[in-house]
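# An overview of the molecular structure
Residues per chain are reported as follows:
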Amino acid sequence: MAGKDKEAIVICLDVGPMMSQAAPGYCSDLETAADVVNMILQRKLFSESKDEVCLVLFGTPGTANRLSDQGYHNITEVRPMGLVDLDLIKYVKTEVEPSQTSADFLDVLTVAMDIIHHVTTAAGSKFTGSRIILCSNLGGEFSQDNEEAILQAMNAKETEINFIGPSNLDEDDNEGPDEPDQAGPSNSGKPRKPKSPQQNLGEQKMRAIIKAAEGDAFSFSDVIPMLSFFETKPVRQTPWKCNLEVGSNLKVPVCGYIRIKEATAKSWKSTFMKGAKKEYTPKAVTSHHLDDEEETEVEGDDIIEGYRYGSDRIPISKEDKANMDYKLPGKVLQVLGFTKSENIKRHQYMGKNVFLFVADPNYEHAGIAFSAIVNAFYETNTVAIVRRGATARSQPKLGCLIPHIKADYESLLFFELPFAEDLRTYTFSSITQTEKFQPSDDQLQAVDKLIDSMDLMADTGEEEGEEGQETLNPVFQRRYQCLLHRALYPTESMPEIDAMLKVSLERPHAVTANSCDAVNDTKNLFKLEEIKKTAKGAGQNVFAAANQNDNANGNPIPADGGTDVSMAAMAQGAVTEVGSVSPVADFEKLIQNTDGTAFEKVCNQMQKRIEQLVLESFGNQFFSKALECLQSLRQETLKRKEPGLFNPFLRDLKQKLKTTHKLAFWQKLCTDKFTLISQSECSTSDVNDSNCSKFLQDETQPAAKDQEMVDDDADNLLDMME
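Residues numbered from 1 in each chain as written. Predicted model: local features only at pLDDT ≥ 70, side-chain atom pairs only at ≥ 80, totals over all residues. Heavy atoms only, no water.

## Side note on the overall build of the protein
Summing up its helical and strand segments, the protein has 21 helices and 17 strands in all. Counting every position in the protein, which comprises 722 residues, the buried fraction comes to 36%. Pairs at least 24 apart in sequence give 71% of the contacts found in the protein among residues at least 6 apart. On the protein, roughly 46000 Å² of surface is accessible, and the fraction owed to carbon and sulfur atoms is 51%. (Helix = DSSP H or I, 4+ residues; strand = E, 2+ residues; numbered from the N terminus. Buried < 20%, exposed > 50% of the residue type's maximum accessible area, 1.4 Å probe, protein only. Contact = heavy atoms within 4.5 Å. Areas by Shrake-Rupley, 256 points an atom, 1.4 Å probe, with all protein chains shown as cover.)

## Considering the sheet that holds strand 1 (residues 7-14)
Pairing in this open sheet of six strands is mixed, and the strands run 3-2-1-4-5-6 from one edge to the other. Across the chains shown, the open sheet's two edge strands, defined by having one partner strand only, are strand 3 (75-83) and strand 6 (216-219). Averaged over all adjacent pairs, the angle separating strand axes in this sheet is 15°, with direction ignored. Taken strand by strand, helix 2 (residues 86-94) contacts strand 2 (52-58) and strand 3, and its axis lies near 20° from that of strand 2. (Pairing = 2+ DSSP bridges. Axes fitted to C-alpha atoms, helices over the stretch in contact; angles between N-to-C directions.)

## Structural notes on the sheet that holds strand 8 (residues 250-261)
Pairing is mixed around the closed barrel formed by seven strands, whose spatial order is 7-8-14-17-16-15-13. Averaged over all adjacent pairs, the angle separating strand axes in this sheet is 40°, with direction ignored. Inspection of the sheet shows strand 13 (residues 332-340) paired to strand 15 (residues 382-389) by eight bridges, in the antiparallel sense. Paired with Leu333 across the bridge in strand 15 is Arg388.

## A look at the pattern of salt bridges
Enumeration over the complete set of coordinates arrives at 11 salt bridges. Arg131 is the salt-bridge partner of Glu160, the closest N and O atoms lying 3.1 Å from each other. With a gap of 29 residues between them, Glu160 in strand 5 (residues 160-165) and Arg131 in strand 4 (residues 129-135) connect regions that are remote in the sequence. Between Glu147 and Lys205 there is a salt bridge whose closest N-O contact spans 2.6 Å. In this pair, Glu147 is assigned in helix 4 (residues 147-157) and Lys205 in helix 5 (residues 197-213), connecting sequence segments 58 residues apart. Salt bridges linked by common partners bring Glu7, Arg131 and Glu160 together as one network. (Salt bridge = Lys/Arg side-chain N within 4 Å of Asp/Glu carboxyl O.)

## Topic: the pairing of strand 8
In terms of strand pairing, strand 7 (residues 240-246) meets strand 8 through seven bridges, oriented antiparallel. Paired with Asn243 across the two strands is Pro253, which belongs to strand 8. Linkage of strand 7 to strand 8, two consecutive antiparallel strands, is achieved through a turn of three residues, within which Gly247 is found at a positive phi near 75°.

## Some points on the confidence of the model for the protein
Chain-level statistics for the protein give a pLDDT mean of 81 and a share of 83% at 70 or above. Model confidence for the protein, summarised as mean pLDDT per element, is weakest for helix 21 (residues 701-721) at 48 and strongest for strand 17 (residues 410-416) at 95. Low confidence marks residues 174-189, where pLDDT is under 50. Its contacts with residues over four positions away, or in another chain, come to 41 contacts. Per-residue pLDDT stays below 50 along residues 699-710; that stretch engages in 11 contacts with residues further than four places along the chain or on separate chains. (pLDDT = per-residue confidence, 0-100.)

## Focus on a nonpolar patch on the surface
On the surface, a nonpolar cluster with roughly 310 Å² of combined accessible area is contributed by Val447, Ile451, Leu525 and Phe526. Relative to the elements of secondary structure, Phe526 occurs in the loop between helix 12 (509-525) and helix 13 (538-552). (Patch = residues over 30% accessible without salt bridge, like charges linked within 9 Å, V, L, I, M, F, W, Y side chains within 5 Å.)

## Comments concerning the environment of Asn353
Topologically, Asn353 is positioned in strand 14 (residues 350-359). C-alpha separation for the pair Asn353 and Arg259, spaced 94 residues apart in sequence, amounts to 7.3 Å. When sequence neighbours within four positions are dropped, the list of residues in contact with Asn353 reads Ile260, Lys261 and Phe414.

Now the structure itself:
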């Protein structure tokens, strides 16, 4: 049975001179192989596997193995057979070093088989299988004397052999020296150097051994994606046995197995940091106190449970509670009735488990009766409404049994259903009640096209359709990554999310490519318009203006840690758009933790606010604020390498200033040498330095004339007011 299997695994890692060679800036085969071995060990550790692992290094300067006196030199058994622990992972990660001594990979297979023979034949051994994992680029010399003996020993012990190296030993593997070799976190895009004649001979020999032993060969690029995710602990299935009661006379023995259950991570444990032996787990002590000045302690015998009924509390003793409890039916699976399957809606499925019921294999007649029930349900499109009591002390659950027929078995699936108190009934008005909200035929077709283009099960030609059962929970994976990092590096900060985990969170590339046109069509047919909220009461603006005047007069407002505690800030609430009072602060707050479309949206708001401040300014009243906004916009777009969100806007602003007689602001920009983002500042810019200088060259006379006209208008207006 799956839960009882226990495997003896010998990992053979080549540390010889050929493994340490690498192009400048790239990881060597030894570093990649050590990463692969670490991934294997991590999966064993977090899955709490009962398999035992032995680590053997070959190509070491010294020798330490049971066959050393027989000529098997430069082979070291650094870790005897045992369960995987953090010490072994730390050793592979930090203490495996390259050597200048070569060793025969056939010799290390002989040593590995000797280890397996020793541990599997020992008294009390409970191993049910054995495996050898060889990690090497096969660049060292080897002899062919003991090949036949190795294969005979493997066949006798039914030992599996897996080879992991730069190549998967495919005979058609003829990649050139400039083609990529290994894929993964440390070797993405690594150029492959030509194989030496010795490597070709080694691969040929290993290919023959793999074929004779019916083993498997993997390249680093094949195995790293498979090992990049932590494996969870396997769960041994225990059948829930009961009788399926149909009426008072028909009882069919069945076995229930959990088909789907929400996985939960292990709970955190409180630990006494300075404890030793069994003192590391503190015990919780609960005490009860009255809500008075002395906080009088109350003994547990003086406390009684009560039920709140209105404003009163009705005490209930243990005897009363026992007498008023529902009389449990015990362990039961009882059919209450039958109904058509369409009467059970998908949204009515409840519970955390889905059970699969099959006939009890210990009763021959039970299988015949159970098969008849399943097929009758299937042919009549019927489901059974049942009551299930898991144990003699558990509350009964209401559920349904749905037929589930496969080629090799017949079963009933149990889904928990709600009681009347569990239902929540809401009434909503129809979205399409008015003609305004009714979608057009083009819109309906666009959504249909979008759904079809994003079908995960469609054959895209690039990758297979993804199913939920093949997708690991990213929360668990991230937790395992952080736990392992904290165990290995107690003082360092937590690492970034693993690259492979990030890829698993993204939409499949094939789906993105297929849905590109459909997304654009949908976006064009469903226009989104921003609805601006009406300005709030004038009190907020008054306090904001007062706050500005205080700052302008040099009276700083005290704040703790830079926090704005002004009346305006308290009245304003959450920032949703770039406002006119403090646009720079609003802009900087809105762009926090944003990227892509969200950042572009905030930049567009800032651009509109700059135009408003300049074009609606009375004289040069708001020029300083507009310039601050422009500087902030330029700084943030440059920081995020998005010159396309600044340069076109500044060009358009220049033209608008010329046509609206606001050249005084343009003159201010020229004086401050405020220009476009150049290629010297950002490589993605399309403007060189000479064009940036030309951009500022313009006639200043109209600007001065315009400023004089504005000043005259302002003076005339003030004279009229006097």
